[in-house]
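Now for the letters of each chain:
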Amino acid sequence: MVGLTGGIGSGKSTVAEGFVGLGAALVDTDVIAHQLTAPQGTAIAPIRSLFGEAFINDDGGLNRPRMRQLVFDDPAQRKRLESVLHPQIRAASEAQIAAAHLAGAPYVLLAIPLLVESGEARARVARILVVDCPEAMQIDRVMQRSGLSRAQVLAILQAQANRTQRLEAADDVIDNAGGIEALAAQVRTLHQRYLAIAAGLGDHAGTSGASEAGATGQSSGIRCRDS
């Protein structure tokens, strides 16, 4: 299983979509967390009990902006929220992983935004794939898509592992500072590598993607740590 991670605005979702398009199975813990905290989600009742009605919207879902502000300002409150969410996310993700294997997926991509920060999550995956780009690019992307201020985006970045820490933890790195064609070429190359690893062939396959990247004139951008 491959753990997919990267800082906010790095392009994890785009990369994940690329792998899914090639046949990989995706289990996205962010999507699971949103489902758990949506109206009628199983995390709503314990969150209401711990934090109060003010953190629940009229439709019964989590008031995300209010909760985000609370947990960023108070690490102890963040731990309380995690005590509710993490066990449920873990259970749901394990169920989805098992279902993907039963369905015959060649390998599973487990997307965890804070994978590097979580020692437990690191132990769940065979390889860590980090989507990387300069911090200035992350900030611009998040501001454009979300409407958050620069200060708000910087606060989110400061709550995550920094770029150096993620790169040090990575087995594989995709450089998302270029265009969509360069990104797609890197995804194809790594997909072939992961198929080979899943098949027990180590790194003896996956060269076709690298050749394809070279043929299109795109630098692969990929950095890999030997299996």
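About the criteria used
Residues numbered from 1 in each chain as written. Predicted model: local features only at pLDDT ≥ 70, side-chain atom pairs only at ≥ 80, totals over all residues. Heavy atoms only, no water. Helix = DSSP H or I, 4+ residues; strand = E, 2+ residues; numbered from the N terminus. Buried < 20%, exposed > 50% of the residue type's maximum accessible area, 1.4 Å probe, protein only. Contact = heavy atoms within 4.5 Å. Areas by Shrake-Rupley, 256 points an atom, 1.4 Å probe, with all protein chains shown as cover. Pairing = 2+ DSSP bridges. Axes fitted to C-alpha atoms, helices over the stretch in contact; angles between N-to-C directions. Parallel < 35°, antiparallel > 145°, perpendicular 65-115°, else oblique. Left-handed = near helix turned anticlockwise from the far one by under 90°. Nonpolar A, V, L, I, M, F, W, Y, C, P; charged D, E, K, R; others polar. Polar contact = N/O pair within 3.5 Å; in protein donor to acceptor, adjacent residues only side chain to side chain. Salt bridge = Lys/Arg side-chain N within 4 Å of Asp/Glu carboxyl O.

**Q** Pulling in residues and values, what's your account of the overall build of the protein?
**A** For the protein, the count of helices and strands is 11 helices and 6 strands. Sorting the 227 residues of the protein into buried and exposed places 41% on the buried side. Summarising the internal contacts of the protein: among those between residues at least 6 apart in sequence, 70% fall at separations of at least 24. Of the accessible surface of the protein, which amounts to about 11400 Å², a share of 53% is contributed by carbon and sulfur atoms.

**Q** So what's going on with the pairing of strand β4 (residues 127-132)? Residues and values would help.
**A** For β4, a buried count of 6 out of 6 residues is recorded, marking the element as mostly surrounded by other parts of the structure. Of the two faces of β4, the one lined by R127, L129 and V131 and the one lined by I128, V130 and D132 are each fully buried. As judged from the 4 bridges shared by strand β1 (residues 2-5) and β4, these two strands associate in the parallel manner. The partner of T5 across the bridge, within β4, is V130. Where β4 meets strand β5 (residues 172-175), 4 bridges bridge the pair, whose relative direction is parallel. Bridging from a neighbouring strand, V130 pairs with V173 of β5.

**Q** Quick rundown of the packing of helix α2 (residues 29-36) against helix α5 (residues 75-102)? Include the residues and the values.
**A** For the pair α2 and α5, the least separation of the axes is 10 Å and the interaxial angle reads 120°. Judged by the inter-axis angle, α2 sits oblique to α5. As α2 packs across α5, the resulting crossing turns out to be right-handed. Counting all contacts with α2, which are made through T29, I32, A33 and L36, the residues of α5 involved are L85, Q88, I89, A92, S93 and Q96. Among the residues making up the contact of α2 with α5, the classes are represented as 6 nonpolar, 4 polar and no charged.

**Q** Please provide a residue-by-residue account of the environment of N162, values included.
**A** Within the element layout of this structure, N162 appears in the loop between α8 (150-158) and α9 (163-169). Residue N162 is classed as partly exposed on the basis of its relative accessible area of 40%. On a C-alpha basis, the gap between N162 and E135 in space is 9.2 Å, while along the polypeptide they are 27 residues apart. Among the polar contacts made by the side chain of N162, one reaches the main-chain amide nitrogen of T164 at a distance of 3.1 Å. Among the polar contacts listed, one links the side chain of N162 to the backbone nitrogen of Q165, at a separation of 2.8 Å.

**Q** Describe the side chain of R127, with residues and values.
**A** For R127, the position within the fold is in strand β4. At a separation of 2.8 Å, a polar atom in the side chain of R127 contacts the side chain of D172.

**Q** So what about unusual backbone geometry? Which residues, and what values?
**A** We note that Q40 has phi near 75°; this positive angle belongs to a residue other than glycine. Examined against the element boundaries, Q40 turns out to sit in the loop between α2 and α3 (44-51).

**Q** Explain the pattern of salt bridges residue by residue, including any values.
**A** Summed over the entire model, instances satisfying the criterion amount to 7 salt bridges. The closest approach of N and O atoms between R124 and E94, which form a salt bridge, is 2.8 Å. Of the two residues, R124 sits in the loop between α6 (119-122) and β4 while E94 sits in helix α5, which places them 30 residues apart along the sequence. Residue classification places R124 among the buried residues on the basis of a relative accessible area of 16%. For the salt bridge of D172 with R193, the shortest nitrogen-to-oxygen distance reads 3.7 Å. Highlighted residues: D172 in strand β5 and R193 in helix α10 (residues 180-198), separated in sequence by 21 residues. The same class applies to D172 as to R193, namely buried. In this structure, a network of salt bridges that share partners links the residues R90, E94 and R124.

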